Amino acid sequence: MEGEVGESVPLLPRHFITDLHHVPIQETPETNPATTVSSSFTLLQFNTLADALSTDSFPHLVDNGACLLWPERKHRLIAEITRHQPHIICLEEVDHYPDFFLPTLQPLGFEGLFKGKCGDDSFDGCALFYAKDKFECVDTHSFALGERHSQVALIAHLRTRSQPSQDLYATVTHLKAKSEFEAKRLGQGVTLLRELNAFVSRSADTTDTHHDNTPRNTPAVVIAGDFNDVPGSPVYQYFAQQQSDATQQTTAHPFALRSAYAHYTAEGREPYSTYKKRETEVCRTIDFIWYSTQPPQQTTTTTTTTHLRLVGLLRIPPTSELPHRLPAPYYPSDHLAIGAQFQLITKHLSNL
């Protein structure tokens, strides 16, 4: 054993930071009267480590695995989620949705959505929760990310309850694991953004359109999940619209996406999100929050555009603060929760 840890161990200290780097300069109500900010929100992304996957998966734990026992760990998961006061919660590896997460978070003011993985041997899935006093859910769309694999994605079309209301499309996903499936993850990313674009277009056709069915509003989108791949990988390059040999054959997507944690350091280096030891020690950046920035240009039929301004990120502790890696008595998953604070910005294009 690497040392003994007492039974009652506080959660790893976490807090939001606002000293961000290279955040796009965007118009504000002060610089452009046609721009409004009517809502701010916090999103939390968290791979919770499925209960069914935790047994015998971590042979080097400091407490012989006591921190993984579900009766205790489930409450620490909720404590980690709720202490950051999120308005949108995106979770992966959820295998206790109806019997724990939903009945626990509903009394706290959240409503939940769930999409289980496909396949007879699949037991977990993705969940998305939203604060009912902040958002209403207009519509949802969930789908598989491939015919021969079990991964899924879940999209919620949310609308702020503040006035004027603003629309947001929030997505949670969990891509295929293991290094040999890099091409598969790229394909799943292409499928995800294609489905998201189609869902946004269908929603616009039934909510706010011109007489020719072109959307009046370019909406804001945020995509969170465990991508099982690192910055610079093909799926990352595709989301960021970075050209490479791996992505040149893919169809371009219409979203101006940035990875929130690309603004964490001055060098643009994203911090790790999982730090564990099974057979070997692994410290990687594989969890992401992608958000839509102000589009470089609007179509001639667009009346308004809504995008996101990043204003805060949940601090990632240096590995020196995790002497026993993850999971541990001080943290209930092998992934750190990551979080982002946003403002919803709407620009009214009065010249159209």
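The preceding data block contains the structure.
Let us look at the structure shown here.

Let us look at the sheet that holds strand β6 (residues 135-144). Strand pairing in a sheet is mediated by backbone hydrogen bonds. Such pairs are either parallel or antiparallel. One open sheet holds the six strands; their spatial order is β6-β7-β8-β10-β14-β11, and the pairing between them is mixed. With one partner strand each, in any of the chains shown, β6 and β11 (257-259) form the two edges of the open sheet. The average undirected angle you get between the axes of adjacent strands in this sheet is 20°. Sheet analysis places β6 next to strand β7 (residues 152-160), joined by nine bridges and oriented antiparallel. Across the sheet, residue F143 finds its bridge partner in β7, namely A153.

Right, let's talk about the nonpolar core for a bit. Grouped burial of nonpolar side chains is what soluble globular proteins tend to show. I88, F101, L128 and F129 are the most contacted members of the largest nonpolar core, which has 65 residues in total. Counting residues per element, this core draws most heavily on strand β5 (residues 125-131), which supplies six residues. Residue contacts for F101: discarding those within four places in its chain leaves T48, W70, L77, I78, I81, L91, V94, H96 and F129. The next biggest cluster of nonpolar side chains, apart from the first, holds 24 residues, and it includes L186, V221, V235 and L257.

What follows is about the pairing of strand β10 (residues 220-226). Counting buried residues in β10 gives seven out of seven residues, a clear majority hidden from the surface. For strand β8 (residues 167-174) and β10, the ladder comprises seven bridges, and the chain directions are parallel. Bridge pairing in β10 places T171 opposite I223. With five bridges joining them, β10 and strand β14 (residues 287-292) adopt antiparallel strand pairing. Looking at β14, one finds that G225 is bridged to F288.

Mapped onto the elements of the fold, R14 is located in the segment before β1 (16-17). Judged by its relative accessible area of 10%, R14 falls in the buried class. Looking at R14, its side chain comes within polar contact range of the side chain of Y331, at 3.4 Å. Once residues lying within four places of it in the same chain are set aside, the contact partners of R14 are E80, R83, H84, L314, R315, I316, P317, Y331, L336 and A337.

A separate point is the packing of aromatic side chains. Here the distance between the centres and the angle between the planes together describe a pair of aromatic rings. Applying the stated criterion across every chain, the model contains 19 aromatic pairs. Their ring planes at 40° and their centres at 5.8 Å tell us that Y97 and F129 sit as a pair that is tilted. One end of the pair, Y97, is in helix α3 (residues 97-105); the other, F129, is in strand β5, with 32 residues separating them in the sequence. With a relative accessible area of 10%, Y97 lands in the buried category. Judged by relative accessible area, F129 falls into the buried class, the value being 0%. When the ring of Y291 is compared with that of F342, the centres are 5.3 Å apart and the planes differ by 45°; the resulting orientation is tilted. In this pair, Y291 is assigned in strand β14 and F342 in strand β16 (residues 338-348), connecting sequence segments 51 residues apart.

Turning next to unusual backbone geometry. A cis amide bond links Q163 to the next residue, P164, at an omega of -5°. Its location among the elements puts P164 in the loop between β7 and β8. Cis geometry marks the peptide bond from L326 to P327; its omega dihedral reads -10°. Here P327 shows up in the loop between β15 (304-314) and β16. Although it is not a glycine, N64 sits at a positive phi angle of roughly 60°.

Turning to α3, its buried residues are Y97, F100, F101, L102 and L105. Viewed along the axis of α3, the buried residues span an arc of 165°, placing them on a single side of the element. In this fold, the buried residues of α3 make contact with α2 (70-82), β3 (88-94), β4 (110-116) and β5.

Our focus in this paragraph is the pattern of salt bridges. Evaluation of the coordinates by the stated rule reveals nine salt bridges. Measuring nitrogen to oxygen at the nearest pair gives 3.1 Å for the salt bridge that ties E80 to R14. On the criterion of sequence distance, the pair formed by E80 in helix α2 and R14 in the segment before β1 is long-range, its members being 66 residues apart. Across this residue pair, the class does not change: E80 and R14 are buried. Overlapping salt bridges, with partners in common, bring together R14, E80 and R83 in one network.

So, how was this worked out
The numbers attached to residues start from 1 for each chain and follow its sequence in the written order. With pLDDT at 70 or above as the cut-off, local features in this predicted model cover only qualifying residues; side-chain atom pairs require 80 or more to be listed or tallied, and sums for whole chains, interfaces and linings still use all residues. Neither water nor hydrogens contribute to the side-chain values; these are computed over all heavy atoms in the structure. Pairing between strands requires that DSSP locate at least two bridges from one strand to the other. Runs of H or I in DSSP of at least four residues are treated as helices and runs of E of at least two as strands, each being numbered from the N terminus. In this description, a line fitted to the C-alpha atoms serves as the axis of each element, helices being fitted only across the stretch in contact, and the angle between N-to-C directions of two axes falls anywhere from 0 to 180 degrees. Throughout this description, the term nonpolar core refers to a set of buried Ala, Val, Leu, Ile, Met, Phe, Trp, Tyr and Cys residues connected via side-chain atoms within 4.5 Å. Burial classification: accessible surface area is computed with a 1.4 Å probe over protein chains only, and a residue below 20% of its type maximum counts as buried, one above 50% as exposed, and the rest as partly exposed. Here a residue-residue contact requires only that any non-hydrogen atoms of the pair lie within 4.5 Å. Here a polar contact is recorded for every N or O atom pair within 3.5 Å, except that within protein the pair must consist of a potential hydrogen donor and a potential acceptor, and residues adjacent in sequence are included only if both atoms are side-chain atoms. Any two of the Phe, Tyr and Trp rings considered here, Trp counted by its six-membered ring, make a pair once their centres fall within 6.5 Å; the pair's planes then place it as stacked at under 30 degrees, edge-to-face at over 60, or tilted in between. Here the arc refers to the directions that run from the helix axis out to each C-beta atom. Salt bridges are counted wherever a side-chain nitrogen of Lys or Arg sits within 4 Å of a carboxyl oxygen of Asp or Glu.

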